[in-house]
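# Inside the fold
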Amino acid sequence: MKLSTKTLLLPILCLSFLSLNAQYEMKPVAGYSPQIGLMVYMLENLKERITEQVKDLDQTQTDFMFDEEANSIGALIMHLVATEAYYQIESLEGRPWTEADEERMGLGGELNKASKQKLKGKPIQHYLKLWDEVRQKTLTGLQTKDDAWFASAIDDGFNHHWAWYHVMEHSANHMGQIALVKNRLPE
């Protein structure tokens with residue numbers, strides 16, 4: 001019995017499609033309550049995608065600004081680090097930032113002329129290492145919480161779920177900005 005090429009290719013294509021499709025399922029990360037596990041999945045997915053975009057940049061590329069109003073990729077990564085650290089302290093630790101927190105992370109919180117000038121001269125790995133440190137603390141903290149905590153209020157009209165949703169959407173927003181800066185890098 002002779003099988004046609006089409007007959008052989010169809011099952012292979014179907015299996016390939018199923019395999020690819022399975023990569024795009026959102027499932028809670030093990031070790032977390034269901035809702036927090038989904039948020040962790042999204043946070044980690046975005047961080048991996050951003051890291052993949054920037055991990056091989058040299059110093060000139062890390063510090064490049066295509067005009068004086070733009071932000072460098074290094075400054076944008078530091079901004080993501082500072083934002084996550086802020087919500088981590090407010091949400092997971094339940095306290096406001098201290099002067100020590102401000103000194104360590106505050107520079108990236110507000111991207112302005114002063115911070116843009118100070119956020120230069122450090123390799124991309126410096127910013128990624130800081131992000132890894134902050135993320136590890138976030139992941140450890142979120143493992144100690146449950147979905148009831150996640151839905152509970154931090155303040156009127158502001159709950160923990162929204163705080164971490166904001167960290168996630170903030171990363172997605174700046175991922176687009178990073179891609180724009182990267183596309184404008186000089187050849």
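Details of the structure are given in the entry above.
Residues numbered from 1 in each chain as written. Predicted model: local features only at pLDDT ≥ 70, side-chain atom pairs only at ≥ 80, totals over all residues. Heavy atoms only, no water.

### Some remarks on the overall build of the protein
Within the protein, the regular secondary structure consists of nine helices and two strands. When the helices and strands of the protein are listed from N to C terminus, the series reads α-α-α-α-α-α-α-α-β-β-α. By the burial criterion, 37% of the 187 residues in the protein qualify as buried. For the protein, the accessible area works out to roughly 11200 Å², and carbon and sulfur atoms hold 56% of it. (Helix = DSSP H or I, 4+ residues; strand = E, 2+ residues; numbered from the N terminus. Buried < 20%, exposed > 50% of the residue type's maximum accessible area, 1.4 Å probe, protein only. Areas by Shrake-Rupley, 256 points an atom, 1.4 Å probe, with all protein chains shown as cover.)

### Let's talk about the pattern of salt bridges
Applying the stated rule across the entire model yields ten salt bridges. In this structure, Glu52 engages Lys55 in a salt bridge whose closest nitrogen and oxygen atoms are separated by 3.6 Å. The partly exposed category is assigned to Lys55, whose relative accessible area is 32%. The shortest N-O distance in the salt bridge between Asp101 and Arg95 comes to 2.6 Å. Arg95 gets classed as partly exposed once you look at its relative accessible area, which sits at 26%. (Salt bridge = Lys/Arg side-chain N within 4 Å of Asp/Glu carboxyl O.)

### Topic: the packing of helix α2 (residues 34-54) against helix α7 (residues 124-143)
One can describe the packing of α2 onto α7 by two numbers: an axis separation of 12 Å at closest approach and a directional angle of 175 degrees. Between α2 and α7, the interaxial angle falls into the category roughly antiparallel. Taking contact as the criterion, the partners of Ile36, Val40, Leu43, Glu44, Lys47, Ile50, Thr51 and Val54 in α2 are, on α7, Ile124, Leu128, Trp131, Asp132, Arg135, Leu139 and Leu142. (Axes fitted to C-alpha atoms, helices over the stretch in contact; angles between N-to-C directions. Parallel < 35°, antiparallel > 145°, perpendicular 65-115°, else oblique. Contact = heavy atoms within 4.5 Å.)

### Things to note about the packing of aromatic side chains
The tally for this structure, following the rule as stated, stands at four aromatic pairs. On the basis of an interplanar angle of 90 degrees and a centroid distance of 5.2 Å, the ring pair of Tyr86 and Tyr87 is categorised as edge-to-face. With relative accessibility at 35%, the residue Tyr86 sits in the partly exposed group. Its relative accessible area of 13% is what places Tyr87 among the buried residues. Feature note: the residues Tyr86, Tyr87 and Trp97 constitute an aromatic cluster, connected by ring pairs. Here the guanidinium or amino end of Lys47 rests over the ring plane of Trp131, the centre of that ring lying 5.2 Å away. The residue whose ring lies beneath Arg184 is Phe66, and the NZ or CZ to ring-centre distance is 4.0 Å. (Phe/Tyr/Trp six-rings, centres within 6.5 Å; stacked < 30°, edge-to-face > 60°. Lys NZ or Arg CZ within 6 Å of the ring centre and 35° of its normal.)

### Looking at the nonpolar core
In terms of nonpolar packing, the biggest core is built from 43 residues, with Ile77, Met105 and Trp164 touching the most fellow members. Taken together, the elements giving at least two residues each to this core come down to α2, α4 (73-92), α7, α8 (147-151) and α9 (160-183). If one sorts the elements of this core by residue count, α4 sits on top with twelve residues. Filtering out sequence-adjacent residues up to four positions away, Met105 remains in contact with Met78, Val81, Ala82, Ala85, Trp97, Leu130 and Val134. (Core = buried A, V, L, I, M, F, W, Y, C linked by side-chain atoms within 4.5 Å.)

### Considering the packing of α4 against helix α5 (residues 99-109)
Remark: α4 packs on α5, axes separated minimally by 7 Å, with the N-to-C direction vectors making an angle of 130 degrees. Between α4 and α5, the angle falls in the class oblique. By crossing handedness, the relation of α4 to α5 is classed as left-handed. The residues of α5 that touch α4, namely those facing Met78, His79, Val81, Ala82, Ala85 and Ile89, are Asp101, Arg104, Met105, Gly108 and Gly109. Across the contact of α4 with α5, the residue classes break down as six nonpolar, three polar and two charged. (Left-handed = near helix turned anticlockwise from the far one by under 90°. Nonpolar A, V, L, I, M, F, W, Y, C, P; charged D, E, K, R; others polar.)

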